[in-house]
Amino acid sequence: AQTQKLLLTQQAARTLETRRSKVLGQLMFCQGCCCGQTEKGFPELPRERLKHEWKQRRLNDTIQLTISGCLGPCDLANVCCLVVPHDLPQWFGGLHAPQQYEDLVRWAQSCQSAGTLQPLPNWLLELRFERFTTQSSGCSALSQEASLTP
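Keep in mind the model is a prediction, meaning the values are calculated, not measured. (Residues numbered from 1 in each chain as written. Predicted model: local features only at pLDDT ≥ 70, side-chain atom pairs only at ≥ 80, totals over all residues. Heavy atoms only, no water.)

### Description of the confidence of the model for the protein
Here comes step 1: Within the protein, residue pLDDT values average 85, and 75% of them lie at 70 or more.
Here comes step 2: Within the protein, helix α5 (residues 145-148) has the poorest average pLDDT of any element, 44, and helix α2 (residues 47-56) the best, 98.
Here comes step 3: A low-confidence stretch, residues 141-150 stays under pLDDT 50, and its non-local contacts, those more than four residues away or across chains, total three contacts. (pLDDT = per-residue confidence, 0-100. Helix = DSSP H or I, 4+ residues; strand = E, 2+ residues; numbered from the N terminus. Contact = heavy atoms within 4.5 Å.)

Put into structure tokens, the structure is as follows:
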């Protein structure tokens, strides 16, 4: 049904809206080859705790939680990425303390209460890094029809 809806939307030259289209952002945590792998000496990613808190507080309708495989870069352990509309993704690395994850739950809850994005915790801003070193022209290079055609 969703695939058919997508095809009809594309034919009408519109953007498909899904039930998740109205979220304020998406917070993606890496749990790949390094991140959260305590047996390799890296700090734990409290996956089940995060999922429980997000579900219990119904935060996915505000800030969608995604726990993924490897997001890279592997030279920084415990990476997360925040994606919000009309802005570039923000990357953070080196999360290591349970309190940090609890703060992120509280941040998502404050966004939910306010109905808008709220400032990130200051400590998280100190962990921000640039994922890609070269400046790109944004999505314009990706949206050129010729570059997408095999």
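### Overview of the pairing of strand β3 (residues 80-83)
Here comes step 1: Relative to β3, strand β1 (residues 25-30) is paired through four bridges, and the arrangement is antiparallel. In the sheet register, F29 faces β3, and the bridge partner there is C80.
Here comes step 2: In this sheet, strand β4 (residues 90-92) lies alongside β3 in antiparallel orientation, the contact comprising three bridges. Across the sheet, residue C80 finds its bridge partner in β4, namely F92.
Here comes step 3: Once β3 ends, the chain turns through six residues before running back antiparallel as β4, passing H86 with a positive phi of about 65°. (Pairing = 2+ DSSP bridges.)

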